[in-house]
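Tertiary structure, described
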Amino acid sequence: MNQTPSIDSFRPVATLDEFNAKSGNLLERLLFNHRAIVVLVCALLTVILGVQACGIRLNASFVKTIPNHHAFVANYLKNESQLKGLANAVRVAVAVDGDGDIYNPRYLDILRNINDELYLVAGVDRAYMRSIWTPATRWLGVTEDGFDGGPVIPENYDGSAHSIESLRNNVEKSGEIGQLVAPDGKSSMVYLPLLDINPETGQRLDYKDLSAALEKIRGKYEAQGVKLHITGFAKVMGDLIEGLKAMLVFFAIAIVITAGTLYYFTRCVRSTALVLGCTLVGIVWLLGILPVIGYELNPYLILIPFLVYAIGVSHGAQKMNGIMQDIGRGTHKLIAARYTFRRLFLAGATALMADAIGFAVLSLVDIPVIQELAIVASIGVGILVFTNLALLPVLLSYTGVSPAAAQRSLKEEKAAGDGKSGLWKLLDRFTGRRYALLALVASSLLGAGGYMVSQQLKIGDLDRGAPELRANSRYNRDNDFIINNYAASSDVLVTMVRTRPGQCSAYETLLKVDELEWRLRQLPGVEGTNSLAALSKRAIAGMNEGSLKWHELVGNQELINSAAARAPRELFNETCDFLSVYAYLKDHKADTLSAVVQLVDDFAKQNNTGDVEFMLAAGNAGIEAATNIVVKDANGKMLAGVYIAVLLLCAVTFRSWRAVLCAVLPLALTSILAEALMVVLGIGVKVSTLPVIALGVGIGVDYALYILSVTQDWMKRGASLSTAYFQALLFTGRVVLFTGITLSLGVMTWVFSPIKFQADMGILLTFMFVWNMLGALILIPALACFLLPQKRGVNLPKETTAPQSAELA
C-alpha cells in the first residue's frame, strides 16, 4: 500500500460506565433507551402481519397488464360492447391423434363433450363462445331458390355417413376453414372469450383455477385419443402462477446460499441468524400488508420479496460488520450497536430512500401491474429502514456477536492493514493516477461499445409465442401448432371502423376496408385478414356459381346488402355503424406489431373522413402494440427519473458535485452494459423486464453510498485518498464485496427457472449486482483520484479504525 499521511484514530469509550446514554440524536435515544418496547412491538407486528400473510392470493389480471389510458386501449374500451372476447380469450385446438380427420363420429362426439365442458368453465363469456358445435357457427350458400344457410352441425346430425358428409359440406361453405377448422381437416378449434369479472362470484377471474380446469379437461380427453393445444393470456398466466412454486424453491436456495456465505464471512451463528431473521421479518411484514391494502401476488410482483431480501441482507451485513469490529476492539455490545447505528444510519437511510424512489419512479409507467410493483416495492424498502437499520442493531445490542468471531474479524482487519491482503492492496492501487487512468479509459471504451450495442435494443417481445415461458414449454408447443395449422392465429389485431348509422355495408366504405385488407396481406407478418368486405366478395362469387371472376366488390348496393344480411355479428354491429377488420398475425414480435400499426395508422390518416373513421386497436395483438408504445415512451422517462432521484439524494448526502459524479458514473456504465447484454441475449424491453434496469440503479447506489461516505469522512479529516479508501475497504468495502458475490450467487439460480422471464431477470440482476460491486470498488477510487480534492494530514498510527464519532450521525 502507498505510504500516505494519516490522522489520529478516534478512541471510543468501551464500557457502559463511561458511556453517556443521552448522547446521539433523538432517534438513537428513542430506539436504544427503550429497547425492550421496540422489540416487543416488532414481535407483535410480526405475529399479526404473519397471520395476514397467510391469506395472500396468487393471481393475475388481464386489465392490469394493459395501458388503460393509451388511445388504442381507450378505443377498445369505448367499443368493447361491439368487440366481445377479442382481447382476452383462450383457444383450444382439438386434434386427431394419429391418422384420419375430424369427420368421424368418435372425434365429433369427443369434440361435443369438450365443447360442453368448456362452456361450463367459470369465467367463459358463453354468448360469444364458438366452435363447430355452437349454434352461432353457421354456413351460407346460394341455391336455385336463393340464399340458404344454417348451423354448421346439421340439425339432424346422428353420426351417420350422410350427416357427416353434410357437415363436411357445411364447413366448406362456412368460411371457417383456417378459422375454426384446420385446412388439413385434422383438428378444429374451440374459441373461448373470457370475462375479467366472474359473474357467478363477482370476483376477478382466477387464472390459477381457470388453468387448472383447462388442464383437467386436457388430461381427461387426451386419454380418449385426441390432443388438446391451448393458448391465450389466461393460460400463460396460469402456467406462470404454477411456475411460481419453483420460484419459491429458488428463493429458499438463495436464503441457504446467503446464510452459508454470511456465516463463512462472520463465523458467528447469532449475528448470521439475526441478519437473516430481521430481513425475513421485513418480508413477512410486506406480505402481511398486501392483503390489507387489497393487493395480490402476481407473476410480476413475485420478484419484489427477493429484491427486498437482497437489499435487506446488504444493509444488515453492514450493521453487523460494524458492531463486530467494535466488539473486537473491546467495546461493549450496546455501545458498539449505538456507534454503528450512529455512523451508518444516514448512509443506509439515504441508500434505502434511493431504492424506494427508484421503485416509485416506476409508477410513471401507465400500466397498472407496474404501478402496483412500484407501490409494493417502495413499501418493502420502507419496511427495511426499520427492520434492518433500527431493529437489527437493537437486537445485536442484546445478543452481541461471538467473541471468537469478533477477534477473528479484527485479526483479518489488522492483517489487511499490514498489507497482507492481496485484494485490498490491488484495489488500493486504483487511488493512484496510473491505475485510475487505466480503469477510466477501459471503462470508457467499454461504455462506448456497450452504448453502440444498446442502440439495437428492441421494445416488446422478440420471440413468438409466450416469451415469458421457455421455448420448449407446453404452451409454446401448443402455440406453434395453432400457428402452423390455422390462418386465424392466436395473435389478432383488429382495426375498428366507425361509420354513420346504417352505412357499414356501403359500397364506398367496403372499398376502403378491402383496400386496407389488401395492404395488410402484403406484410410478411400477416397470415390473413377478415372483414365484411371479404365476406361480401365471397358471397358475390357464390351467387355467381363460385366463379373467381366475381370474387370482387361490385357497385350494386342491393347485392352487397343481401350478402351482409347473413354475415356473423363479429364483423359488424346491429345498427350497422361499426365494422371490425381482423388481421391474423404470425406472431406478436415487436417488429411485426410496429409494421402493422404503422400501416393502419398511415391508412387512417389518408382515408378518415366525417363518414368513415379507422381506429386502432383491439385484439390481443392490438393491446400488445399499445403496451409496447407505452413501454417505449416510459423507458427513457423512467431511467431519467431514477437518475434524477439518485443525483439529488447523493447531493444531499455528500454535498459535493464531485462526490456525486463518483457515485453515479459507475451506475450509468452498468445501465448501458445491461442494455447491451439484453441485446446480446435477445431480451426485449417489456412489462416483465422494464423494471429491472431501474431497480439495478436503485440497488447499486447502496454500494457507492457506503464506500463514499466513509472515504469522504476520512478525507475531510485530512487523510489522503489512499488512506481514506483503504479504511473504507476495511470497514464497509469487505461487506460490499460479500454482498455483491452472495446476491449474485443467489439470483444466478434463477437461470434454471421454468419461467423464462424470471431466468432473464436472474441473468440481468446477476450482471448488475456484479458490475455495481466492481464499479464501487474500482471506479469510485479511480474517479475520486481526479475529482475529489486531497488534503495533507498527520500520520496515522499503526492501528487504524473506522471513525466512530457522532459527527457521522
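Here's what I pulled together on the structure shown here. (Residues numbered from 1 in each chain as written. Predicted model: local features only at pLDDT ≥ 70, side-chain atom pairs only at ≥ 80, totals over all residues. Heavy atoms only, no water.)

Counting its secondary structure elements, the protein contains 24 helices and 9 strands. Taken over the C-alpha atoms alone, the protein extends approximately 110 × 50 × 45 Å along its principal axes. Put simply, the protein has 809 residues, and 59% of those count as buried. Across the protein, every contact between residues at least 6 apart in sequence was considered, and the portion connecting residues at least 24 apart equals 82%. With an accessible surface of roughly 31900 Å², the protein has 59% of that area assigned to carbon and sulfur atoms. Of the charged side chains in the protein, 71 are positive and 69 negative, and the gap between their average positions amounts to 14 Å. (Helix = DSSP H or I, 4+ residues; strand = E, 2+ residues; numbered from the N terminus. Buried < 20%, exposed > 50% of the residue type's maximum accessible area, 1.4 Å probe, protein only. Contact = heavy atoms within 4.5 Å. Areas by Shrake-Rupley, 256 points an atom, 1.4 Å probe, with all protein chains shown as cover. Lys, Arg positive; Asp, Glu negative; His and termini not counted. Charge placed at Lys NZ, Arg CZ, Asp CG, Glu CD.)

Moving on to the packing of aromatic side chains. For the coordinates displayed, the defined rule picks out 9 aromatic pairs. Taken together, a centroid distance of 5.1 Å and an interplanar angle of 90° make the contact between Phe603 and Phe614 edge-to-face. Here Phe603 is found in helix 19 (residues 590–607), whereas its partner Phe614 is found in strand 9 (residues 612–618), with 11 residues between them in sequence. Classification of Phe614 by relative accessible area gives buried; the value is 4%. Aromatic pair Phe767 and Trp771: ring centres 5.8 Å apart, planes at 45°, arrangement tilted. Of this pair, Phe767 and Trp771 both sit in helix 24 (residues 756–787), 4 residues apart, which is roughly one turn of that helix. Aromatic ring contacts, followed pair by pair, group Phe32, Phe341 and Phe345 into a single cluster. The positively charged end of Arg35 is found above the aromatic ring belonging to Tyr398, 4.2 Å away from the centroid. The side chain of Arg126 reaches across the aromatic face of Tyr119, ending 5.6 Å from its centre. (Phe/Tyr/Trp six-rings, centres within 6.5 Å; stacked < 30°, edge-to-face > 60°. Lys NZ or Arg CZ within 6 Å of the ring centre and 35° of its normal.)

In this section: the environment of Pro151. Within the fold, Pro151 resides in strand 3 (residues 146–151). For Pro151, a relative accessible area of 21% translates into the label partly exposed. Along the chain, Pro151 and Ala663 lie 512 residues apart, while their C-alpha atoms are 70 Å from each other. Discounting chain neighbours no more than four positions away, the residues touching Pro151 are Pro135, Thr137, Arg138, Trp139 and Asn170.

On to the sheet that holds strand 1 (residues 89–96), then. Here 3 strands make up an open sheet; going across it, the order is 4-1-5 and the pairing antiparallel. Each edge of the open sheet is held by one strand with a lone partner, namely strand 4 (187–193) and strand 5 (226–231). The mean inter-strand angle of the sheet, taken between neighbouring strand axes irrespective of direction, is 20°. In terms of strand pairing, strand 1 meets strand 4 through 7 bridges, oriented antiparallel. Within strand 4, the residue paired with Val90 across the bridge is Leu192. Packed onto the sheet, helix 15 (residues 474–485) meets strand 1, strand 4 and strand 5 and runs at close to 100° relative to strand 5. (Pairing = 2+ DSSP bridges. Axes fitted to C-alpha atoms, helices over the stretch in contact; angles between N-to-C directions.)

Attention shifts here to the pattern of salt bridges. All chains considered together, the criterion is met by 22 salt bridges. Salt-bridge contacts for Lys235 lead to Glu215; the nearest nitrogen and oxygen are separated by 2.9 Å. One end of the pair, Lys235, is in helix 7 (residues 233–266); the other, Glu215, is in helix 6 (residues 207–222), and 20 residues separate them in sequence. By relative accessible area, which is 2% here, Lys235 ends up buried. Between Lys458 and Asp591 there is a salt bridge; the shortest N-O distance is 3.8 Å. Taken together, the positions of Lys458 in the loop between helix 14 (433–454) and helix 15 and Asp591 in helix 19 put the pair 133 residues apart, joining distant regions of the chain. The partly exposed category is assigned to Lys458, whose relative accessible area is 37%. Residues joined in a network through salt bridges with shared partners are Glu215, Arg218, Glu222, Lys235, Asp239, Arg474 and Asp478. (Salt bridge = Lys/Arg side-chain N within 4 Å of Asp/Glu carboxyl O.)

For the rest of this paragraph, the subject is the packing of helix 21 (residues 657–681) against helix 24. Across the interface, helix 21 lies against helix 24 with an axial gap of 8 Å and an inter-helix angle of 145°. Judged by the sense of rotation from one axis to the other, the crossing of helix 21 with helix 24 is right-handed. Residues belonging to the contact of helix 21 with helix 24 are distributed by class as follows: 21 nonpolar, 3 polar and 1 charged. (Left-handed = near helix turned anticlockwise from the far one by under 90°. Nonpolar A, V, L, I, M, F, W, Y, C, P; charged D, E, K, R; others polar.)

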